[in-house]
Amino acid sequence: RSVNIVAFGNERDGFSEDSQQPSLIWSYLGRSALISQIDSSLSASHVGNPVFTEYQACVFGNVRLVVHDCPAWDIFDSDWYTSCRLIGGADIIVIKYSVNDKTSFQELKDSYAPMVKKALSHCSVPVIISAIGARKNGVPCTCPLCTSDRRSCVTTSEGVQLAKELGATYLELHTLNDFYIQKYFGGVLEYFMIQSLNQKSSEKMKKRKKTQKRHRVQPPQLEQPEKMPILKSEASHYDTDLHNLLCCCQCADVAFYPEDLSSVVEAHKVILCSVSPLFMLLFEVKSPADIPDASIVQMAQSLFAVQAGAALPPAPWGVSPCVPPVKVVVKDSVFCSCLPDILHFIYSGAFQWEQLEEDIKKKLKNPEKTEHVLEKVKCILKTPGKLNPIKDCRYHKTKHLYNTSLRLFFNTPVLADVIFKIQGATVPAHRAVLVARCEVMAAMFNGNYLEANSVLVPVYGVSKDTFLSFLEYLYTDSCCPASILQAMSLLICAEMYQVMRLQHICELYIITQLQSMPSRELASTSLSIVSLLKKAKFHNSDCLSTWLLHFIATNYLIFSQKPEFQELSVEERNFVELHRWPSNLYLKQLADYRNYIHSQKCHCTVM
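Reading the values: the criteria
Residues numbered from 1 in each chain as written. Predicted model: local features only at pLDDT ≥ 70, side-chain atom pairs only at ≥ 80, totals over all residues. Heavy atoms only, no water. Helix = DSSP H or I, 4+ residues; strand = E, 2+ residues; numbered from the N terminus. Buried < 20%, exposed > 50% of the residue type's maximum accessible area, 1.4 Å probe, protein only. Contact = heavy atoms within 4.5 Å. Areas by Shrake-Rupley, 256 points an atom, 1.4 Å probe, with all protein chains shown as cover. Pairing = 2+ DSSP bridges. Axes fitted to C-alpha atoms, helices over the stretch in contact; angles between N-to-C directions. Core = buried A, V, L, I, M, F, W, Y, C linked by side-chain atoms within 4.5 Å. Parallel < 35°, antiparallel > 145°, perpendicular 65-115°, else oblique. Left-handed = near helix turned anticlockwise from the far one by under 90°. Nonpolar A, V, L, I, M, F, W, Y, C, P; charged D, E, K, R; others polar. Phe/Tyr/Trp six-rings, centres within 6.5 Å; stacked < 30°, edge-to-face > 60°. Salt bridge = Lys/Arg side-chain N within 4 Å of Asp/Glu carboxyl O. Expected span 1.5 Å × (residues − 1). pLDDT = per-residue confidence, 0-100.

(A) Quick look at the overall build of the protein chain. What the protein chain contains, in helices and strands, is 26 helices and 14 strands. The 607 residues of the protein chain split such that 45% are buried. A fraction of 67% describes how many contacts in the protein chain between residues 6 or more apart in sequence connect residues 24 or more apart. On the protein chain, roughly 32,900 Å² of surface is accessible, and the fraction owed to carbon and sulfur atoms is 53%.

(B) Examining the pairing of strand 11 (residues 326–330) more closely. Most of strand 11 is tucked away, with four of its five residues classed as buried. Direction of pairing for strand 8 (residues 254–258) relative to strand 11: parallel, over a ladder of five bridges. Looking at the pairing, Ala 255 lines up with Lys 327 of strand 11. In this sheet, strand 11 lies alongside strand 10 (residues 304–306) in antiparallel orientation, the contact comprising three bridges. Looking at strand 11, one finds that Phe 304 is bridged to Val 330.

(C) Seen up close, the sheet that holds strand 8. Reading across from one edge, 9-8-11-10 is the order of the four strands in this open sheet, with mixed pairing throughout. Both outer strands of the open sheet, strand 9 (265–267) and strand 10, are each paired with one neighbouring strand and no more. For this sheet, the mean angle separating the axes of adjacent strands, direction not counted, is 30 degrees. Along the sheet face, helix 10 (residues 294–303) touches strand 10 and strand 11 and points at about 70 degrees away from the line of strand 10. Sitting on the sheet, helix 12 (residues 339–347) is in contact with strand 8, strand 9 and strand 11, with an inclination near 20 degrees to strand 9.

(D) Quick peek at the nonpolar core. The biggest cluster of nonpolar side chains holds 114 residues, and the ones touching the most others in it are Phe 256, Phe 420, Phe 467 and Phe 470. Here Phe 256 is in contact with Ser 263, Val 264, Val 265, Ala 267, Leu 272, Phe 279, Phe 304, Val 328, Val 330 and Leu 339, once residues within four sequence places are set aside. The next biggest cluster of nonpolar side chains, apart from the first, holds 30 residues, and it includes Phe 8, Tyr 112, Ala 113 and Leu 166.

(E) The arrangement of the packing of helix 18 (residues 464–476) against helix 19 (residues 484–496) in detail. Where helix 18 meets helix 19, the closest approach of the two axes is 9 Å, and the angle between their N-to-C directions is 65 degrees. Comparing the axis directions of helix 18 and helix 19 gives the class roughly perpendicular. Of the two possible hands of crossing, helix 18 and helix 19 adopt the one that is right-handed. Contacts between helix 18 and helix 19 involve Thr 466, Phe 467, Ser 469 and Phe 470 from the former and Gln 486, Ser 489, Leu 490, Cys 493 and Ala 494 from the latter. Along the lines of polarity and charge, the residues of the contact of helix 18 with helix 19 split into five nonpolar, four polar and no charged.

(F) Fine view of the packing of aromatic side chains. For the structure on display, the rule yields 22 aromatic pairs. Here the aromatic rings of Phe 179 and Tyr 180 are separated by 5.2 Å at their centres, their planes lie at 80 degrees, and the arrangement is edge-to-face. In this structure Tyr 180 comes out as buried when scored by relative accessible area, which is 17%. A centroid spacing of 5.8 Å and a plane angle of 90 degrees characterise the contact between Tyr 556 and Phe 565, whose relative ring orientation is edge-to-face.

(G) Summary view of the pattern of salt bridges. Tallying each qualifying case throughout the model produces 15 salt bridges. Salt-bridge contacts for Glu 375 lead to Lys 378; the nearest nitrogen and oxygen are separated by 3.5 Å. You can see Glu 375 and its partner Lys 378 sitting in helix 14 (residues 367–381), three residues apart, about one turn around the helix. You can call Glu 375 partly exposed: its relative accessible area is 37%. Arg 437 is paired through a salt bridge with Asp 477; the nearest N and O atoms lie 3.0 Å apart. Of this pair, Arg 437 sits in helix 16 (residues 431–437) while Asp 477 is found in the loop between helix 18 and helix 19, placing the two residues 40 residues apart along the sequence.

(H) Here's a closer look at the sheet that holds strand 13 (residues 425–429). Taken in spatial order, the three strands line up as 13-12-14 in an open sheet, and their pairing is mixed. Looking at which strands have only one partner, the edges of the open sheet turn out to be strand 13 and strand 14 (456–458). Here the average twist between neighbouring strands, direction ignored, is 30 degrees. As judged from the five bridges shared by strand 12 (residues 418–422) and strand 13, these two strands associate in the antiparallel manner. What sits directly across from Ile 422, in strand 13, is Ala 425. In this fold helix 18 packs onto strand 12 and strand 13, with an angle of close to 5 degrees to the strand it touches most, strand 13.

(I) The arrangement of helix 19 in detail. An ideal rise of 1.5 Å per residue puts 18 Å on 13 residues; helix 19 measures up with 18 Å between its terminal C-alpha atoms. Among all positions of helix 19, only Ile 484, Ala 487, Met 488, Leu 490, Leu 491, Cys 493, Ala 494 and Glu 495 are buried. Backbone geometry just after helix 19 places Gln 498 at a positive phi near 60 degrees.

(J) The arrangement of the environment of Cys 336 in detail. Tracing the backbone shows Cys 336 in helix 11 (residues 333–337). C-alpha of Cys 336 to C-alpha of Ser 263: the two residues are 73 residues apart in sequence and 9.7 Å apart in space. Setting aside its immediate chain neighbours within four residues, Cys 336 contacts Tyr 257, Pro 258 and Val 330.

(K) Just the confidence of the model for the protein chain, in detail. On average, residues of the protein chain score 83 in pLDDT, and 85% of them reach the 70 mark or higher. Overall, residues 144–150 carries pLDDT values under 50, and its contacts beyond four positions in sequence, including any with other chains, amount to seven contacts. Here residues 310–320 scores under 50 on pLDDT; set against residues more than four positions off or in separate chains, the count is 18 contacts.

(L) Structural view of the packing of helix 4 (residues 102–119) against helix 5 (residues 156–166). Closest axis-to-axis distance for the helix 4/helix 5 pair is 11 Å, and the angle between their directions is 10 degrees. Comparing their axes, helix 5 and helix 4 come out roughly parallel. Note on element contacts: helix 5 touches helix 4 through Glu 158, Gly 159, Leu 162, Glu 165 and Leu 166, opposite Lys 102, Phe 105, Leu 108, Lys 109, Ala 113 and Lys 117. Counted by class, the contact of helix 4 with helix 5 contains five nonpolar, one polar and five charged residues.

Right, here's the structure in full:
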């Protein structure tokens, strides 16, 4: 048995005049009561500057101790192979430095510590960092270039930081006397020696057992469970929904006219106000005092004029919302001729700027007029109080503009034209958003239904919180359920209103949450997976119901012990038994193997 120690670094000051001062390693070997039969020799290098000194001794009576002491770090530069061989064969590494030699420490930290860390990346070797000497309180450096460190001594925090980087044990030895050498440094070094010997003995014992292991009947191999069906997420069609709203002109509540009233372009207040503070000002959502940017106020007054008497007061609850759209006159004829293209740009997500440029150029065929219109569009879309955010619209893509700005109008009475009554509470909403995002609501508000001519719409069969989450998805194209049960309730609401993408999002959330549950939590949870399965089937969630059946089969040993398992139908039970994990065949083979082990009266190394 042997222990190999490699020591790097010089514990003497760079300006020390005592060249005969004994080294840390030699002091330990000479003073420790556990060391005997010391022998030393220099490495094969040019005389007067040996690369390292090799010590051989005995420790703990009969354990061979080999120490390589390398006082100069140059070995990493001159002989990388030797330095890697020394580290690779080391059981313990000692790094030494003088606390009064800041230059050498900085070189160690910047150049050689990364090399040691790289060499140790493939092995686990304990490292001891020894800061040696008593710090001398010198005068701080006043050189303006020495801003990073104005002291010539290495501080304790710097040594501790280096130890953290190398995963090492940090020691401070103020002097090389008996206490610091034998009890402090020696105690830590001998602890690591014992750990190294124990590890070697354990590895040797394992190797011996492996070689002495006789051939015996192997236990049955447990196959991996069947792969569960993968549920793919559906791509968002948020921008397409809002663009289609403009094309079909359903629920339009604003009409733009030229000054001669020869044509009309219909739009929706909530969409326009969600992208521009200018439209908020125009439709009295905000007052001029709320807009710090005077250019926006001036643009609204010079470009548009709301026709007198067009802005009607909100209708009382329960009264038909079929009021004529607000009439807005566009004073700039050139801008008015391009308004359909500008609205298509806004409703498509306000990110196809190049397409808008191309359409306006083709229509106007005049560079000055084209630039005139585009500058007005930039002013309309800019944020008040800031520089124009689309100064370079060619590269400024705000594809997800609506799902952040429409959130401003979620669950707020501003511009609301429909009120949902649910569980005794009221929830305001905007028909334009609902019609664009939900086909069921589009039919409900535009067909021969009671809701088409009523502001107050009752909602049944769903809780207020679930319905708010449903509306939030319609406004923002995102949802974040708080639990599996809430996700299932939202899935049922999505199925009721035929919003398939939201249904898929809820399915993915439920699957992700169940997959992350550890077996212990799955066994103790009060959540009924069979109940989720029944609801998924009843509400036509085929992907989720198929996945839940596979989930029950994969965790057969857990679910078969629960009372809810008996609620499975015959068809479902047959599916679970067919795809169960572990299989009946494996359990039979395992029982046979146990019987064999007991019959041979030998110890089972697996069970």
